[in-house]
Structure formats: C-alpha cells, structure tokens
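Residues per chain, in single letters:
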Amino acid sequence: MNIRFDEQKQLFQINTEHTSYVIGIADGKYVGHVYYGRKIEDLTGIYPLLRTGEAPFVPSVNMREKCSFADTFPAEYSTSGVGDYRESCLDVRTTGGHRACELSFEGYEILEGKPALAGLPSTFAKEAGRAKTLEITCKDECIGLKAVLSYSVFEDSDALIRSVRLINEGTEKLYIEKALSACIDMDDENFEMLALTGSWARERHMTKCPVTYGRHLISSTKGESSHQEHPFLALMTEGTTQDQGEVYAMNFIYSGNFMAMAQVSQFNSVRMVMGIHPEGFEWTLNPNASFQTPEVVCVYSDEGLGKMTRTFHDLYREHLIRSPYLHKKRPILINNWEATYFDFDTEKLVAIAREAKKDGIEMLVMDDGWFGHRNNDDSSLGDWFVNEEKLPGGLKTLVDKVKAEGLAFGIWFEPEMISPDSELYRRHPEWAIQIPGRAPGMSRAQYVLDLSRPEVVDYAYECVASILRSADISYVKWDMNRQLTDIGSAYLDAHTQGELMHRYVLGVYEMQERLVTEFPDLLLENCSGGGARFDAGMLYYSPQIWCSDDTDAIERLAIQEGTALIYPLSCMGAHVSDCPNHTVGRITPFMTRGHVALAGTFGYELDITKISEGDRDAIKFQTKLYHKYHPLVREGDYYRIASYQQNHLYDCWEVVAKDRSEALVTFVQVMSEPNFKSRKIRLKGLEPKASYRLEETGDVYSGDVLMRAGFLVRRDHRDFSSRLFHFVKTEE
Ligand code: GLA
C-alpha cells in the first residue's frame, strides 16, 4: 500500500498490493483519471493517457474548444453544466437558480489511516499505520464550492475506498441536487455488465448484459437498497469467468436510494458512477456547512470474479463489520415465524424451546406479533408494549422460562414503522411520512416513521432499548417491511423536503449506532421483508442480515450465490424451514435444506414440536455439523465451483481455510440426469503440493490432482440431493 504524488509529472499513484490507481492533473487544473488496473511500478510514459495531448482540445492552448475538452476528458469527478454531457456526479443550483459547476485542482493531502465518516457507516483500519488516505481538494471559485475527493487503501486489501465531501465556502446558500460518491472513466473494451437483480423472495440473482452505447442504470428510489436492484455494479472484459478476465466493481456502503450507472459515450469511453440517487434529492448547503457522501468500494481483479469476491469478503470482515460476533460462532437459533406466524403464546414458545434444546438448538427468537394487539399484520407497529394476553406475566416471564429450558432469547422489532391502527398514530399522526392533503399509500397496512425528526428517532430507539433493558435478551432481528412513498415530512420546511430520504437513512444509522453502543454484546440481525436491505451499510451495525424470506433450498442457491458474490458467508442469514416450502411449495430433502443453510449463519424456522422423528434426527446431526464447520465457513476463502444458474443441473461451492489446511465442498444436484456417469469436480485454492484426505472415505489426493484433474462425485438419481465433502490436509 502506498500513495505518492509526482510533482513534476502531476500524477498521483495509489497502490495496493496488486493494483494501481493513477490520477493526473491536466493543464494544472483538471483532475482526471489515468489508469486503474494491475499494479504498475514505473509510470514512465503514462501521462498522455490523460488525453490532454490530443490537441486541439487543451483549454490552455485552445480555449475556443473548451466544451469539447470537457465532454471527452476522463474526469475523476464529473460535474454538470459546463460541457461534459455524460453522466455527472455533481449537480449544484445557486440561489440565483443557475446550475453549473467546474472543479479545479487546489491541493492535496496524504493522511495516515482512514478517517471515519460522521453519521455514516464507513470502512476502518484497526491501526492507523495500516491504511492511507489521499484527499484531493478542488474548488469552483465562481460559486464557492469546495470538493474533497477521498481515496483510501489498506495494507492488506486490494480495494479502494472513495467518497466526497462538499463544503460551501461562499456566502450564499447552495442547493446540491446530486452528489455521487465515485466515478471511473475508462476506454470501452466491449465490457459486459454484471448486476444483482430480483424481487421479494428472489433477491440478488446475478444478471449479465452487454454494455452498449448509452446509459445502463441500476438503482433504487424506494428508500432502501431494495429487493429489486442492488447497489453493486461490475464491468467485465469479454469471457470473464470465476478465474479469468478483468473486473471493475463498485459496491455502495449505504442503505437508501442509490444509482449505479455504466455509460458508453460517443467516443467509446465508459463512465462508471455510483452514489445516492438524485431523484427527489436536494440538500441545502449553508455557508460553511458540508455534506459527506457515503463510501463506494472499488475493486479491480485481473483474475476474474472469484478474486473480486474474495477481495470484498476480506475487506468487509477486516474493515467494515464491527460486531464482536464477527469471529464467533453465532448461536443456532430457531425462529417461530414460519412455525406459528401470529398465532403463539408463552406456552407454545416454551414448548418449541424445550424440544429445540434436545436437538442442539441454542436460541429461541420470538418473531412478529408479541406487542400491542397485533394478531395479523394490520396493526400496532409503534406500540412496543407486550401483549399480555399472549405472554401472561410479560416478557421477562417468557424469557426466564426459555432460559430455564437452556436457550438464549431473541426478539423481533420493526422500529421504523407506524400502523394507522396504533396508539402511536392516534397520538402522533404527524410522525408518519406523508404529504399534507394527500392520503399516504399503505403497504402491508403500514406507514413509515419520519426519522428526519429527532424526537421520532428518540422514541423509536427508546422503545427498542427499554424492552432490551427489561429482560435478558441476546439477539434482535431488526425488520423493515415496506418501501417509502409520499415523501413528505411535517418537520422539514419547504426547502428541505428533498433531504428526507437521506435523513431517514441517517436516522436508521443513528438508532443502530445507539443500539450497538448501549448493548455491545447484542447480536443484531438486520432484515427487510427478507433481503431488501442486505447491503454493506447495514453490515457496519449488524454482522448478519436475513438474506430472503424464501427459505426454499433450491431458490436459495441463486440468492446465496448472488449475495456471496460480494458479502462474506458469515453475514448471510440462512435457516432450514419446513416443507412444502411456504413460499414456493417445493419439497426438498431435509439434509439439502441443512447443507444450503450451513453456507450462512444457520438456524431453523419451523415448528419443531410437529415435525417427524426423521427430521428431528436430521436436526441433531446438522447442529453438530454447524459446530464442526462454522469456523471454516465463517473465516475461510470462498470459491464458486459451479453454478446451477448457468448449467441448470447442479451447484457447487467450496470454502478453503486461510492456511489451506482444510476445505469444505458443498454439492447440490438440482436435476438428476439420465446417465450413469459420476461428475468430476475440480477444486480451487488448495496447496498444489500438499496431500488432502477426504474425510468421508479416507481417500487421499494431492492438491494438484484435486485442482487440475478433480475428484468424482458419485451419481445420485435424486433431484435436490446434496452432499458435503470435507478435505483435510495430511502428512501422507
Ligand atoms: C418480514 C421478515 C420475516 C418476518 C416477517 C414478520 O417479512 O422478513 O422474516 O419477520 O416480516 O412480519
């Protein structure tokens, strides 16, 4: 890791162990992108790539063609209104109503360490000496706006972290209409674009398409990162696979509205941008005030998607997730949602806990329906007091009983919401997000709380905290079950309504920050109608996030493959549920459901008092597997071996210990085939010269054989069957 500035060549070079990012100053003024890719030690001859040499466009030489210059220059941070007609990162309006901004280089600073971003989740270094940050300061003198472009790198990572701070140094207000976090301008190389798309119960499926002329947008305006489109975008050179090809990826550390775009321009350059979605966004920047954009993580890989994935996983485990559970086994939980839905009481929950204990389950999580008069999803959000009809004697009585059965206790909340049928709404209708005079649209019969309002944040936080103070609660599932509409706040004035969506997200972050500060030992799991807020922002607060409401083992293959493309397996909330599956009606073997859930945090979502003896035996077996394999799954390197999404037959992934001493391979045969051949599987990431014993058979293989020639998975004529293979390094 190193950052340096070559005064003579006017070049910044930001190096990680395997990558270089080069920025140049053109004409003493324009901050431009020169190079991103595999590490280059000697930059001799690179400067002309900034393309200012391509006269007649250099402004100092030829001012009459300045606009042509602006529209072709590879900008580090594009602005609108002055000739660059490609996607801008920054749109600013003045009090005079004009929209134009041009940033000129002012200076730079190279800092030891990685500064935190106030109020926002951000990557961090455990020790200052292990990270460096470059801050390039630019200014538009005409409107008095300063922009500090920030680039951070860590000693042990190939990722580059970017964000921007805007400061109003003028005397008039400025209105920020768009402030993205990062931009990369490159030449087009016939890139393919990779995105994660889906819907409820089908989140983060990998979707590829060619990047042709024009703008290709991935975005959310729903107030959260969303089920449908994910704050991630990668451009890949032709033929990129898991192991080869160049990949340029961006992932946003933010949980609200976002946009990510790849745009091919008239001269075949590609611009990649990412940041807060500008739709409906406006931020008033008073004189001396500043605005901080969230962080974008950029990852370059010249060894395909696999290396990109492992760079993201390591970065998030080392530099983003703070929870004390990060490197610990999570208690195996049983959640009563699919077991009982709203129909439960103390007796039922304690019976589940009693039986769960016998099979090795360690924590009971009480889901939705324990408060107010909530017997279905029509009411009571906001009224966070215990329903004593269901839980006589209150929460503490229940928790004590569950603990007496030998299980820890966890609880569900949806703190950001308010039901029209609630005491809270009757007292404070103005606390709901809505536009005066317009009946707000309901979704799941609920409204969203206006978290731009400090007393609402205080109230919602106190509701959660006072419940946690009242009993011995080890875990919280923090849910968020509707998207935002009717964007209006009774708290903000006419000029600041455009701040609501971002202030909402800041309010969520503030509540979760308070929560993990007051309850440092709490295990927090975020959730949003399944996996609509599975994003890097939430990982700063919770080490795990519920991946999807779809617990079907086969649908989960695609969801978990897409999720694990960026996020460590240790974050993926994954449970075994009953069959026929409640979402898709599919029947799969209990063992397959277990093997798929073992790739995540692991737990159960079923009524253990009602399932068969055979399934009970399987639980006993699976909970032992969890204890055996979870440290490896949590800490190891993830390799995608085969994708059911691509081959339509089988799925296979592998986790290899960092010291390459063991590997766990999960194989799921989705569709059985009419032939008698075993399938050959080639592994990755092992030590070529070491020997590995396959625990199940005792057979010994060299690492080279496993990686080059492969091993045989015997044929199995059952759809949806699965197997685990555990290879352990031996001295033989
Ligand atoms: C969401 C969650 C589910 C469950 C329900 C309860 O849909 O994703 O797991 O908690 O809410 O209402």
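Since the structure is predicted, the reported quantities are computational estimates derived from the model, not experimental observations.

**Topic: the pattern of salt bridges**
Okay, step 1: Under the defined criterion, the tally for this structure stands at 62 salt bridges.
Okay, step 2: In this structure, the salt-bridge partner of Arg533 is Glu416, at a minimum N-O distance of 2.6 Å. With Arg533 in the loop between strand 27 (523-526) and helix 9 (536-539) and Glu416 in the loop between strand 23 (408-413) and strand 24 (417-418), this pair connects stretches of sequence that are 117 residues apart. The pair Arg533 / Glu416 is uniform in exposure class, with both members buried.
Okay, step 3: One connected set of salt bridges, linked through shared partners, spans Glu355, Lys358, Asp359, Arg616, Asp617 and Lys620.

**Focus on the site of the ligand**
Okay, step 1: Near the ligand lie 13 residues; those nearest to it are Asp367, Asp368, Lys477, Gly530 and Asp549.
Okay, step 2: The side chain of Asp367 places a nitrogen or oxygen atom 2.6 Å from an oxygen atom of the ligand.
Okay, step 3: Contact distances for the ligand include 2.5 Å between an oxygen atom and a side-chain N or O atom of Asp549.
Okay, step 4: Residues that form the shell around the ligand fall into these classes: 4 nonpolar, 3 polar and 6 charged.

**Quick notes on the sheet that holds strand 3 (residues 19-26)**
Sheet strands pair by backbone hydrogen bonding; their relative direction is either parallel or antiparallel.
Okay, step 1: Strand order in the open sheet made by the 4 strands is 1-2-3-4, with antiparallel pairing throughout. The outermost strands of the open sheet, each flanked by one partner alone, are strand 1 (2-6) and strand 4 (30-38). The average angle at which neighbouring strand axes cross in this sheet is 15°, direction not considered.
Okay, step 2: Direction of pairing for strand 3 relative to strand 4: antiparallel, over a ladder of 8 bridges. Bridge assignment links Ala26 to a residue of strand 4, and that residue is Tyr30.

**Thoughts on the nonpolar core**
Okay, step 1: By size, the foremost hydrophobic cluster in this structure holds 204 residues, and its most contacted members are Trp370, Leu395 and Ile411.
Okay, step 2: Per-element accounting of this core gives the leading share, 9 residues, to helix 7 (residues 454-470).
Okay, step 3: When sequence neighbours within four positions are dropped, the list of residues in contact with Trp370 reads Phe344, Trp384, Phe385, Val386, Asn387, Leu391, Ile411, Trp412, Phe413 and Ile467.
Okay, step 4: Of all hydrophobic cores here, the second largest spans 22 residues; its members include Cys652, Leu686, Ala690 and Tyr692.

Calculation rules
Residues numbered from 1 in each chain as written. Predicted model: local features only at pLDDT ≥ 70, side-chain atom pairs only at ≥ 80, totals over all residues. Heavy atoms only, no water. Salt bridge = Lys/Arg side-chain N within 4 Å of Asp/Glu carboxyl O. Helix = DSSP H or I, 4+ residues; strand = E, 2+ residues; numbered from the N terminus. Buried < 20%, exposed > 50% of the residue type's maximum accessible area, 1.4 Å probe, protein only. Near = heavy atom within 4 Å. Polar contact = N/O pair within 3.5 Å; in protein donor to acceptor, adjacent residues only side chain to side chain. Nonpolar A, V, L, I, M, F, W, Y, C, P; charged D, E, K, R; others polar. Pairing = 2+ DSSP bridges. Axes fitted to C-alpha atoms, helices over the stretch in contact; angles between N-to-C directions. Core = buried A, V, L, I, M, F, W, Y, C linked by side-chain atoms within 4.5 Å. Contact = heavy atoms within 4.5 Å.

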